[in-house]
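Architecture at a glance
Now for the letters of each chain:
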Amino acid sequence: MVVIHDLVEDWIQIRSTLQRQVKMLQSADPPAEADISENPKKATIARIKGCIDEMNALLKEYARVHRL
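Here goes a summary of the coordinates provided. What you see is a predicted model, and the numbers here were worked out from it, not measured in a lab.

Each value, and the rule that gives it
Residues numbered from 1 in each chain as written. Predicted model: local features only at pLDDT ≥ 70, side-chain atom pairs only at ≥ 80, totals over all residues. Heavy atoms only, no water. Helix = DSSP H or I, 4+ residues; strand = E, 2+ residues; numbered from the N terminus. Buried < 20%, exposed > 50% of the residue type's maximum accessible area, 1.4 Å probe, protein only. Areas by Shrake-Rupley, 256 points an atom, 1.4 Å probe, with all protein chains shown as cover. Core = buried A, V, L, I, M, F, W, Y, C linked by side-chain atoms within 4.5 Å. Contact = heavy atoms within 4.5 Å. Phe/Tyr/Trp six-rings, centres within 6.5 Å; stacked < 30°, edge-to-face > 60°.

1. Quick word on the overall build of the protein chain
Helix and strand content of the protein chain: two helices and zero strands. Here the protein chain holds 68 residues, and 19% of them are scored as buried. As displayed, the protein chain offers around 5,300 Å² of accessible surface, 55% of which is attributable to carbon and sulfur atoms.

Next comes the structure, spelled out in structure tokens:
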């Protein structure tokens, strides 16, 4: 049985990871392994931000249940 508390905790970790990835891609000095040209980088950042928005929506919806 899935417990909402466990899902919420996972979503928080996922959101945190995605936020770190966005910061890394937006930094002026990304790691050498992240050699991505500007247009794909912008598209990737936009997609990751969309995922963060989805995580935020899930957290907003289920945070009430999590607190009960």
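Having seen the model, we can carry on.
2. Here we look at the nonpolar core
Counting 10 residues, the largest nonpolar core consists of Val8, Trp11, Leu18, Val22, Leu25, Ile45, Ile48, Ile52, Met55 and Leu59. Counting only elements with at least two residues in this core, the list comes to α1 (4-26) and α2 (38-67).

3. A word on the environment of isoleucine 45
Here isoleucine 45 is to be found in helix α2. Ignoring sequence-local partners within four residues, the contact set of isoleucine 45 consists of Val22, Leu25 and Gln26.

4. Focus on the packing of aromatic side chains
Evaluation of the coordinates by the stated rule reveals one aromatic pair. Plain terms: the ring middles of tryptophan 11 and tyrosine 62 are 5.5 Å apart, the flat faces sit at 55° to each other, and that makes the pair tilted. Of this pair, tryptophan 11 sits in helix α1 while tyrosine 62 is found in helix α2, placing the two residues 51 residues apart along the sequence. By relative accessible area, which is 13% here, tryptophan 11 ends up buried.

5. Remarks on the environment of lysine 41
Mapped onto the elements of the fold, lysine 41 is located in helix α2. Distance from lysine 41 to valine 22, taken between C-alpha atoms, is 9.8 Å for residues 19 residues apart in sequence.

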